[in-house]
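An overview of the molecular structure
One-letter residues, chain by chain:
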Amino acid sequence: MMHGWERVENMIKKSSYEWLYKVGNDQQLFFILGPCAIEGESFTFKAAEFLKKLSEKLSFKLIFKGSFDKANRISLTSKRGVGIDQGLKILAHVKQEFDLPVITDVHDISQMAAIADVVDIIQIPAFLCRQTDLLLAAGKTGLPIHLKKGQFLAPENMEPLIAKIESTGNQNTWLCERGFTFGYNNLIVDSRNYPIMKSTGKPVVLDATHAVQRPGGLGGASGGNREFVATLAAAAVVQGIAGIFMEVHENPEQAHSDGPNMIRHADLEKLVSYLIDLDAWAKSNPVPEAR
């Protein structure tokens, strides 16, 4: 019997952005930034232009993020996004107009070929991180895989997931910390996870905004505490990681999803500048190891 990932043909890709294959926990911090959901072309272009200018001003490597479908919503009536066809068209235009690598989520094997034709990094959502066929199909694209650690997994559990991807010949897996389910409507980030996941030799990223999410905290939607994003990001950066992921928005109160945990554009420059300086210090003064 043939699995879904085996039916995907002509999938081996390579991003034109060579630096994506050279990221590491000992390299300069990179940033994945963008809105949670793609809210239309003009909205997305405005966000990409703002972020591109900020990356040039502060001299950091930027990956633009946008989701075409927020498939994991609590309420049936919640906004999900513009859909795969329109979403990928918008992301392709962002790449062309602003010369930025782009990343988006994949939810199903049937989406993989279309997504791989546009994006530079495949993102595996946390709740889908153990789905074998999805990981194999993602690995087969040849693109870097941003693998989010499930809210239900210990950091050690990421190694067999890496092995699934690497069985396809793809060695480019990034591991993303985003908090562990703790009690009701809350997440906790355990700083011990960074050295454990770094021991795999893979780049480690903190998803600083989803880490402060309150899943289902508003009843029919998720809440969040953006006031803790900077603290969690700083605590990760001092441990010498590869990247920081943050969802950002001009007006989070009007966002289609995850507004309570997104960073305002107006507050982003100060935070990113601080994290860049902290990263430079941390990588010159690494945390001493206990024996």
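This text goes with the structure placed above it.
Cut-offs and rules
- The numbers attached to residues start from 1 for each chain and follow its sequence in the written order.
- In view of the model being predicted, local features appear only for residues whose pLDDT reaches at least 70, and side-chain atom pairs are presented and counted only at 80 or more, with totals across whole chains, interfaces and linings using the full set of residues.
- In computing side-chain values, all of the structure's heavy atoms are included and hydrogens and water are not.
- Take a side-chain nitrogen of Lys or Arg and a carboxyl oxygen of Asp or Glu: if they are within 4 Å of each other, that pair is a salt bridge.
- Elements are defined by DSSP. Helices are runs of H or I of four residues or more, strands are runs of E of two residues or more, and each kind is numbered from the N terminus.
- Burial here depends on accessible area, computed with a 1.4 Å probe over protein chains only, as a share of the maximum for the residue type. Under 20% is buried, over 50% is exposed, and the range in between is partly exposed.
- N or O atoms within 3.5 Å of each other form a polar contact, as long as, within protein, one can give a hydrogen and the other can take it, and as long as residues adjacent in sequence are counted only when both atoms are side-chain atoms.
- The contact criterion used throughout is that any non-hydrogen atoms of two residues lie within 4.5 Å.
- Expected span, for any helix, means 1.5 Å times one less than how many residues it has.
- We call Phe, Tyr and Trp rings a pair once their centres come within 6.5 Å, taking the six-membered ring for Trp, and we label the pair stacked below 30 degrees between planes, edge-to-face above 60, and tilted otherwise.
- Working convention: axes come from line fits to C-alpha atoms, limited for helices to the stretch in contact. Angles between N-to-C directions cover 0 to 180 degrees.
- Here roughly perpendicular refers to angles of 65 to 115 degrees, roughly parallel to angles under 35, roughly antiparallel to angles over 145, and oblique to all remaining angles.
- Crossings are assigned a handedness: left-handed for a near helix turned anticlockwise from the far helix by less than a right angle, right-handed for a clockwise turn.
- Any residue outside Ala, Val, Leu, Ile, Met, Phe, Trp, Tyr, Cys, Pro, Asp, Glu, Lys and Arg is labelled polar, Gly included; the first ten of those are nonpolar and the last four are charged.
- Each patch is built from residues lacking any salt bridge and having more than 30% relative accessible area; the joining distance is 9 Å for like charges and 5 Å for nonpolar side chains (Val, Leu, Ile, Met, Phe, Trp, Tyr).
- Accessibility throughout is a Shrake-Rupley quantity obtained with a 1.4 Å probe, and a residue counts as covered only by protein chains that appear here.
- The criterion for strand pairing is that DSSP finds at least two bridges linking the strands in question.

Here we look at the pattern of salt bridges
Pairing is possible between side chains of opposite charge, provided their charged atoms come close. Evaluated as defined, the whole model comprises 12 salt bridges. R264 serves as the salt-bridge partner of E253, at 2.7 Å between the closest nitrogen and oxygen. Placement of the pair is E253 in the loop between strand 12 (243-249) and strand 13 (263-264) and R264 in strand 13, with a sequence separation of 11 residues. Classification of E253 as partly exposed rests on a relative accessible area of 49%. When the shortest N-O distance is used, the salt bridge between K283 and D279 registers 2.8 Å. With a gap of four residues between them, K283 and D279 both fall in helix 8 (residues 265-284), about one helical turn apart. D279 gets classed as buried once you look at its relative accessible area, which sits at 3%. Connected via shared salt-bridge partners are R226, E253 and R264.

Some thoughts on the side chain of N170
Secondary-structure assignment places N170 in the loop between helix 5 (158-166) and strand 6 (173-177). N170 sits in the buried class, given a relative accessible area of 4%. A distance of 2.8 Å separates the side chain of N170 from the backbone nitrogen of N172, its partner in a polar contact. Among residues more than four places away in sequence, those in contact with N170 are A138, G139, G142, L143, I145 and I165.

Details of helix 8
Along its 20 residues, helix 8 runs 29 Å from first to last C-alpha, staying within 8% of the 28 Å computed at 1.5 Å per residue. Along helix 8, the positions that sit buried rather than exposed are H265, L268, L271, V272, L275, I276, L278, D279 and A282. Looking at the buried side of helix 8, the elements it contacts are strand 1 (30-34), helix 1 (41-58), helix 7 (229-237), strand 12 and strand 13.

A look at helix 2 (residues 84-98)
A turn of α-helix holds 3.6 residues, and therefore any two residues three or four places apart point the same way. Taking 1.5 Å as the rise per residue, helix 2 with 15 residues should run 21 Å; its terminal C-alpha atoms sit 21 Å apart, in good agreement. Residues of helix 2 that are buried make contact with helix 1, strand 2 (62-65), strand 3 (102-105) and helix 3 (112-116). Following helix 2 by one or two positions, D99 adopts a phi angle in the positive range, close to 50 degrees.

Quick word on the packing of aromatic side chains
Within this structure, the stated rule accounts for five aromatic pairs. Arranged with centres 5.1 Å apart and planes meeting at 50 degrees, the rings of F30 and W174 form a pair that is tilted. Taken as a pair, F30 in strand 1 and W174 in strand 6 lie far apart in primary sequence, 144 residues in all. Exposure remark for F30: the relative accessible area of 1% places this residue in the buried category. Note on F127 and F152: the rings are 6.4 Å apart at their centroids and 20 degrees apart in plane angle, and the pair reads as stacked. Residue F127 is located in the loop between strand 4 (121-124) and helix 4 (132-140), and its partner F152 is located in the loop between strand 5 (145-148) and helix 5; the two are separated by 25 residues in the primary sequence.

Brief notes about the packing of helix 7 against helix 8
Relative orientation of the contacting elements helix 7 and helix 8 amounts to 20 degrees, with a least axis distance of 9 Å. It follows that helix 7 is roughly parallel to helix 8 by the angle criterion. Remark: the crossing between helix 7 and helix 8 carries right-handed chirality. Contact with helix 7, carried on its side by V229, A230, A233, A234 and V237, involves L271, Y274, L275, L278, D279 and A282 of helix 8 and no other residues of that element. Tallied by class, residues from the contact of helix 7 with helix 8 come to 10 nonpolar, no polar and one charged.

As for a nonpolar patch on the surface
Together, F180, F182 and I188 line one region of the surface with nonpolar side chains, adding up to about 290 Å² of accessible area. Its place among the elements puts F180 in strand 7 (residues 180-181).

Side note on the pairing of strand 9 (residues 204-207)
Burial of the side chains of strand 9 extends over both faces: V204 and L206 are buried on one face and V205 and D207 on the other. Two elements, strand 6 and strand 9, share three bridges in a ladder whose sense is parallel. Across the sheet, residue L175 finds its bridge partner in strand 9, namely V204. One ladder, built from three bridges, connects strand 9 with strand 12; its direction is parallel. Bridging across to strand 12, V205 finds its partner in G243.

Describing the environment of A236
As for its position among the elements, A236 is in helix 7. Looking at A236, the relative accessible area reads 0%, which means it is buried. Along the chain, A236 and V204 lie 32 residues apart, while their C-alpha atoms are 9.6 Å from each other. What A236 contacts, discounting residues up to four positions off in sequence, is Y194, L206 and I241.

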